[in-house]
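Coordinate inspection notes
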Amino acid sequence: MTYAFRVSCPADEGTMLMTTTPMTTSQWKTALENEGVRVTYGAQWATAGRDSATGKTFGPVHGVAIHHTAGSDSLAVVRDGRSDLPGPLAHAHLAKSGTVTQLSVHRCNHFGTMAQNAYDAVVGETSPHPVPSADEPVDGNDVMYGLEIENLGSGTDPYPEIQYDQAVRWAAAICRHHGWSGDSVIGHKEGTTRKVDPSFNMSLFRAAVAERLKHPASWTKGQTTTTED
């Protein structure tokens, strides 16, 4: 089943179809590669996930969650999980080098419980995003895509420019596919009181996603976008 609804746009743009059905493998490839994401695909990316193991369903989807790994050399952990939490722990892993490894198209153990007001803000694309309440009845794994960015989370470990740019592109690719705005992107710390990731300013990150969405998917920062008459 495809979940979709329409929202009003400026008069010269008509209406935009906003879809909430999780992306298929072919849709992921098209969206990521068109957006210029430096992506590789994990061996089990088309089948790995936590759907059947939990009896839960991934979707309808409503947003993108950004995380940091709080460790280095973290790809295997994100892919395979930990002793207390089976993998995959995100839909994708982003290395310091700027390489995105796509790990799943299904439900992943990246979020856990989610504050109701944070969920409502994502669905409504509300800005600014509220401080998450203590009430967390939503299962964020059911409704959010997740990206794990390799970083110690210390506040001093840098995010190289290429890594940050690729995170923006990954999030923008999903938003562009679904017809979402940059306000459909949140940090894990904005969805629950339990977390502090990612260790960068999410308002600035959303602004970067929104800027990309003003341009064609092939756009690179610094380029001037031109249109034909």
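In case you missed it, the structure is sitting above this.
Attention now goes to the side chain of Ser184. Summarising the element assignment, Ser184 is placed in the loop between α6 (161–178) and β12 (185–187). Note on Ser184: relative accessible area 1%, which makes it buried. A distance of 2.6 Å separates polar atoms of two side chains, one belonging to Ser184 and the other to Glu125. Residues in contact with Ser184, not counting those within four places in the same chain, are His62, Gly63, Val64, Val122, Glu125 and Cys175.

Most of strand β11 (residues 144–149) sits out of view: six of its six residues are buried. Burial along β11 is two-sided: the residues Met144, Gly146 and Glu148 and Tyr145, Leu147 and Ile149 are all buried. Examined bridge by bridge, strand β4 (residues 63–68) and β11 share six bridges and lie parallel to one another. Following the sheet pairing, Ala65 is matched in β11 by Gly146.

In this section: helix α7 (residues 202–213). End to end, α7 covers 16 Å across twelve residues, agreeing with the expected 16 Å (1.5 Å per residue, within 8%). Of all the positions in α7, only Met202, Phe205, Arg206, Val209 and Arg212 are classed as buried. Within α7, the buried residues cover an arc of 115 degrees as seen down the axis, which keeps them to one side. In this structure Asn201 caps α7, since a side-chain oxygen of it lies 2.8 Å from the backbone nitrogen of Ser203.

The rules behind these values
- Residues numbered from 1 in each chain as written.
- Predicted model: local features only at pLDDT ≥ 70, side-chain atom pairs only at ≥ 80, totals over all residues.
- Heavy atoms only, no water.
- Helix = DSSP H or I, 4+ residues; strand = E, 2+ residues; numbered from the N terminus.
- Buried < 20%, exposed > 50% of the residue type's maximum accessible area, 1.4 Å probe, protein only.
- Polar contact = N/O pair within 3.5 Å; in protein donor to acceptor, adjacent residues only side chain to side chain.
- Contact = heavy atoms within 4.5 Å.
- Pairing = 2+ DSSP bridges.
- Expected span 1.5 Å × (residues − 1).
- Arc of directions from axis to C-beta.

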